[in-house]
Amino acid sequence: MTMMTPWLHFSGGDYLIFKTWIPESKGAIAGACIALVAFCILERWIAAFRRQMEIQWGSRALALILEKQRNSIDTHIDDKPEDLSNKIDVIEEIIPSIPATSVTVCSRPRLVPPFIPMHDIPRGIFQAVQSLFSYTLMLAVMTFNASYIVSIVLGLAVGEVLFGRIGRLNGGRV
């Protein structure tokens, strides 16, 4: 049974992710480092793609909420005044389709966005894939092989340079 070296080292012989992947020669370690860099770049691309999808899902959810509010305004139009003393938030709005008629709309800010399966199921899949990537990288770091750690840090940095601005408002600038 081979013992793991419990300090930072550049030597080979450590298990990397799988039982059969044990880079021992310098060339095998270099190949493993290149694979880790590519894996990290892919992880940053997935994170950027998820951020972009979050923006789209958020705007679609907002559009659905606004459409639902518009539909509820149209169904609650009546000419009789109601007692508004027990309402939390009252907004008066003029509807352009009915001239000179004010409508009282009761609105509460949503604390939780609505569950939309077409948004939330892919969001869960993205989270699972990102978690898988993160734990895989953590296992590579736990070998204490310094060349793997340097490769992971460089791969994450290159991936962030390539994809970090995607899915951020104003290109990541405030």
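Just so you know, these numbers come straight off a predicted model, no measurement behind them.

## Focus: the overall build of the protein chain
1) Next: Assigned secondary structure in the protein chain consists of three helices and two strands.
2) Next: Helices and strands appear in the protein chain in the N-to-C order α-β-β-α-α.
3) Next: Split into buried and exposed, the 174 residues of the protein chain put 25% on the buried side.
4) Next: In the protein chain, the proportion of contacts linking residues at least 24 apart, taken out of those at least 6 apart, comes to 64%.
5) Next: Within the structure as shown, the protein chain displays about 12,400 Å² of accessible surface, and the carbon and sulfur contribution to it stands at 66%.

## Some words on helix α2 (residues 117–141)
1) Next: Its 25 residues place the ends of α2 36 Å apart at the C-alpha level, agreeing with the 36 Å of an ideal helix rising 1.5 Å per residue.
2) Next: Every buried residue belonging to α2 is among His119, Phe126, Gln130, Phe133, Thr136, Leu137 and Ala140, and all of these are buried.

## Side note on the environment of Leu156
1) Next: When you line up the elements, Leu156 lands in helix α3 (residues 146–163).
2) Next: Along the sequence, Leu156 and Ile41 sit 115 residues apart, while their C-alpha atoms lie 6.0 Å from each other.
3) Next: Residue contacts for Leu156: discarding those within four places in its chain leaves Cys40, Glu43, Arg44 and Leu137.

## Considerations on the environment of Arg123
1) Next: Position of Arg123 relative to the elements: it lies in helix α2.
2) Next: A C-alpha to C-alpha distance of 8.5 Å links Arg123 and Met53, two positions 70 residues apart in sequence.
3) Next: The residues contacting Arg123, other than those within four sequence positions of it, are Arg50, Glu54 and Trp57.

## Quick word on the packing of aromatic side chains
1) Next: What the rule picks out here adds up to four aromatic pairs.
2) Next: Geometrically, the ring pair formed by Trp57 and Phe126 is tilted, given 6.2 Å between the ring centres and 55° between the ring planes. Of this pair, Trp57 sits in helix α1 (residues 26–75) while Phe126 sits in helix α2; the two residues are 69 residues apart in sequence, bridging distant segments of the chain. By the burial criterion, Trp57 is buried, and Phe126 matches it.

## Section: a nonpolar patch on the surface
1) Next: On the surface, Ile17, Phe18, Tyr135, Met138, Leu139 and Met142 cluster together to form a nonpolar patch covering roughly 610 Å² of accessible area.
2) Next: With respect to the helices, strands and loops of the structure, Tyr135 is situated in helix α2.

## As for the pattern of salt bridges
A side chain with one charge may pair with a side chain of the opposite charge, provided their charged atoms come close.
1) Next: Within this structure, the stated rule accounts for six salt bridges.
2) Next: The closest approach of N and O atoms between Arg44 and Glu43, which form a salt bridge, is 2.9 Å. For the pair Arg44 and Glu43, one class covers both residues: buried.
3) Next: Note that Glu54 and Arg123 form a salt bridge whose closest N and O atoms lie 3.0 Å from each other. Note that Glu54 is positioned in helix α1 and Arg123 in helix α2, a separation of 69 residues in sequence.
4) Next: Judged by relative accessible area, Arg123 falls into the partly exposed class, the value being 23%.
5) Next: Counted as one network, the salt bridges with shared partners bring together Arg50, Glu54, Asp120 and Arg123.

## Concerning the side chain of Glu43
1) Next: With respect to the secondary-structure elements, Glu43 resides in helix α1.
2) Next: If we ignore the near neighbours within four places in the chain, the residues touching Glu43 are Gln130, Phe133 and Leu156.

Rules and cut-offs
- Residues numbered from 1 in each chain as written.
- Predicted model: local features only at pLDDT ≥ 70, side-chain atom pairs only at ≥ 80, totals over all residues.
- Heavy atoms only, no water.
- Helix = DSSP H or I, 4+ residues; strand = E, 2+ residues; numbered from the N terminus.
- Buried < 20%, exposed > 50% of the residue type's maximum accessible area, 1.4 Å probe, protein only.
- Contact = heavy atoms within 4.5 Å.
- Areas by Shrake-Rupley, 256 points an atom, 1.4 Å probe, with all protein chains shown as cover.
- Expected span 1.5 Å × (residues − 1).
- Phe/Tyr/Trp six-rings, centres within 6.5 Å; stacked < 30°, edge-to-face > 60°.
- Patch = residues over 30% accessible without salt bridge, like charges linked within 9 Å, V, L, I, M, F, W, Y side chains within 5 Å.
- Salt bridge = Lys/Arg side-chain N within 4 Å of Asp/Glu carboxyl O.

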